[in-house]
Amino acid sequence: MKTFTVALLAGFAALSLTATAQAEADGEAVYNQACMACHMTGAAGAPIRGDEAAWADRLEKGIDTLYAHAIEGFGAMPPKGGQMGLSDEDVQAAVDFMVEPVL
Ligand code: HEC
């Protein structure tokens, strides 16, 4: 009986972990789908993911400003990368993923 209870608890733990992962915005997936075209190549002057020099001045504005610019647009950067179907949370997660290597 004890073994059964332990197995059951382990099952629940695994289930709730999966549910959490799905509920959260997946920054990498959003980046790959909506941001990579410009932010991997530097098209139109987009800061490239992982390019410290390109991000240094931008990071000084603070992450909240970067979120706002990604959502509302900034210069040649279209609002939400031009994908208006994305939620604000999706875009913020993509910004987090984009700046993560240079923090
Ligand atoms: C059509 C090309 C394009 C796409 C797609 C695109 N960006 Fe950009 N992004 C740019 C360009 C160009 C800039 C530089 C704008 C400037 O400095 O004038 C930029 C700048 C940024 C900045 C810095 C803003 C600042 O205040 O310095 C962030 C953050 C950003 N993009 C996030 C994203 C995210 C997140 C996505 C995907 C959801 C995305 N971008 C998709 C072209 C793009």
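Our subject is the structure that appears above.
All of the points below concern the structure found in this document. (Residues numbered from 1 in each chain as written. Predicted model: local features only at pLDDT ≥ 70, side-chain atom pairs only at ≥ 80, totals over all residues.)

## As for the nonpolar core
Then comes step 1: Val30, Tyr31, Ala34, Cys35, Leu66, Ala70, Leu86, Val91, Ala93, Ala94, Val95 and Met98 form the largest nonpolar core, which has 12 residues in total.
Then comes step 2: Looking at this core, the element that brings in the most residues is helix α5 (residues 88-99), giving five residues. (Core = buried A, V, L, I, M, F, W, Y, C linked by C-beta atoms within 7 Å. Buried ≥ 20, exposed ≤ 12 C-beta atoms within 10 Å, placed from the backbone. Helix = DSSP H or I, 4+ residues; strand = E, 2+ residues; numbered from the N terminus.)

## Topic: unusual backbone geometry
Then comes step 1: Even without being glycine, Ala44 reaches a positive phi, approximately 60°.
Then comes step 2: Along the polypeptide, Ala44 turns up in the loop between α2 (27-39) and α3 (52-60).

## A word on α5
Then comes step 1: Over its 12 residues, α5 runs 17 Å from end to end, which matches the ideal 16 Å to within 8%, given 1.5 Å per residue.
Then comes step 2: The complete set of buried residues in α5 reads Asp90, Val91, Gln92, Ala93, Ala94, Val95 and Met98.
Then comes step 3: Buried residues belonging to α5 abut α2 and α4 (63-72). (Expected span 1.5 Å × (residues − 1). Contact = placed C-beta atoms within 7 Å.)

## Focus on α2
Then comes step 1: Taking 1.5 Å per residue as the helical rise, α2 with its 13 residues ought to reach 18 Å, whereas the 14 Å between its terminal C-alpha atoms falls clearly short.
Then comes step 2: Maximal helix bending in α2 amounts to about 55°, located at Gln33.
Then comes step 3: Looking only at α2, the buried set comprises Gly27, Val30, Tyr31, Ala34, Cys35 and His39.
Then comes step 4: If you follow the buried residues of α2, they end up packed against α5. (Bend = angle between axes of the 7 residues up to and from the residue.)

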